[in-house]
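Fold and geometry: a report
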Amino acid sequence: MPMWNLNKQGICEAASYLLVFGALFLIFPLRLLPCFLAGFIVYETILALTPWVERLVKGPLARWIIIFFLTVIILLALVGGITKLIGFLLHDFQNPAAFHAAASKLLEDAQRTLSPVVSHYLPADIDELQHQVVTWLREHLVVVQTFGRTAAHTFATMLIGMLLGAIISLRISSLNTLDAPLKHALLERLTVLAASFHNVVFAQIKVSLVNTLLTCGFLFGVLPLFGLHFPFAKTVVVLTFVAGLLPIIGNLISNTVIVLIGLSISLEAAVISLVFLILVHKLEYFINAQIFGTRINAKTWEILLAMLVFESAFGLAGVVAAPVYYAYLKSELRLARLI
């Protein structure tokens, strides 16, 4: 009988590893990484805030209060962001003359500043630019439609993930799992995964702070040296911190916004922004790896290698997931006393 129990426990342990690792890698072909990240972020946020709220309110009501305020904040952020985006886009349509003048000035600066080899491929005026844009949209209509569907799918899965994270955070853990060895083993795997995700999230907060500080230095220190003053600088700084909470993608979002705003000022501002951001990205790549390595007890080269392998296997999604997956793998190996 004891031998049977031992074999059953070993089988359940092996099955739990297969189920969890299989689910983690199925996330990529099913395109559920945004759902996975959003759900865990909400779950970890609720768990982190619970001890603070429980000082005022005891019991499950504390988590319900946190969920309520998180819901309000997310809804306000969505409504505010969409409103600002629509207002920003409509501004050009409401002032077509100003938009044409700014675009024409940008094209003139490009023709005058860039090499003739490069400027040969640029449109001569705003009319030619509009014609090229319309032509490109017609030729790549399927690409634009696919991008729209992908964006809608990502947004929907993130909302579902947030909802699942909030629901799971309300679950009361039970210790009576001895009669359910597979359930017990799966809960152990998920606990280790949650702890690994927690460590990576806090490391990402540090990364976002570093990126925000470097962006502040660029917007308020470097650009004024060239006599350039960046509009919406404070808003961009806030966006940089919030977007930086998303691994890799967050930096791409904030940097794209900076370059686009730089283009609205002048070609010189855009080029300076692009060069600076490229240099900062090279520096941040190693700083990020160092921060992650300290948090999850991994060396810099290990994180870089994990990112490289996952990027080759799964693309940009693999780069985003690599720190979490590698942290979880190393935690499991450490618990099994294999490393």
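This report concerns the structure included in the present document.

**Describing helix α13 (residues 316–335)**
- With 20 residues, α13 should reach 28 Å at 1.5 Å per residue; the first-to-last C-alpha distance of 30 Å fits that figure.
- At A322, α13 shows its largest kink, close to 45°, and the proline P323 lies no more than four residues downstream.
- Taken across its 20 residues, α13 has 14 buried, putting it largely inside the fold.
- Trailing α13 by a residue or two, R337 shows a phi angle of about 60°, which is positive.

**A short note on the packing of helix α2 (residues 33–53) against α13**
- Direction vectors running N to C along α2 and α13 enclose 40°, while the axes themselves pass 11 Å from each other. With respect to α13, the axis of α2 lies oblique. Between α2 and α13 lies a crossing whose hand is left-handed. Between α2 and α13, the residues in contact are L33, F36 and L37 and A317, V320, A321, V324 and Y325, respectively.
- Class assignment of the residues belonging to the contact of α2 with α13 gives a composition of 8 nonpolar, no polar and no charged.

**A look at the side chain of S169**
- Position of S169 relative to the elements: it lies in helix α7 (residues 141–169).
- Beyond its immediate stretch of four places on either side in the chain, S169 contacts Y43, I46, R63 and I67.

**Quick look at the packing of helix α8 (residues 181–225) against α13**
- Packing of α8 against α13 leaves a shortest axis separation of 9 Å and a crossing angle of 130°. As summarised for this structure, α8 and α13 are arranged oblique, according to the angle between their axes. Crossing angle aside, the handedness with which α8 passes α13 is right-handed. For the pair α8 and α13, the contacting residues are R189, V192, L193, S196, F197 and V200 in the first and P323, V324, A327, Y328, S331, E332 and L335 in the second.
- Looking at the contact of α8 with α13 residue by residue, the class counts come to 9 nonpolar, 2 polar and 2 charged.

Calculation rules
- Residues numbered from 1 in each chain as written.
- Predicted model: local features only at pLDDT ≥ 70, side-chain atom pairs only at ≥ 80, totals over all residues.
- Heavy atoms only, no water.
- Helix = DSSP H or I, 4+ residues; strand = E, 2+ residues; numbered from the N terminus.
- Expected span 1.5 Å × (residues − 1).
- Bend = angle between axes of the 7 residues up to and from the residue.
- Buried < 20%, exposed > 50% of the residue type's maximum accessible area, 1.4 Å probe, protein only.
- Axes fitted to C-alpha atoms, helices over the stretch in contact; angles between N-to-C directions.
- Parallel < 35°, antiparallel > 145°, perpendicular 65-115°, else oblique.
- Left-handed = near helix turned anticlockwise from the far one by under 90°.
- Contact = heavy atoms within 4.5 Å.
- Nonpolar A, V, L, I, M, F, W, Y, C, P; charged D, E, K, R; others polar.

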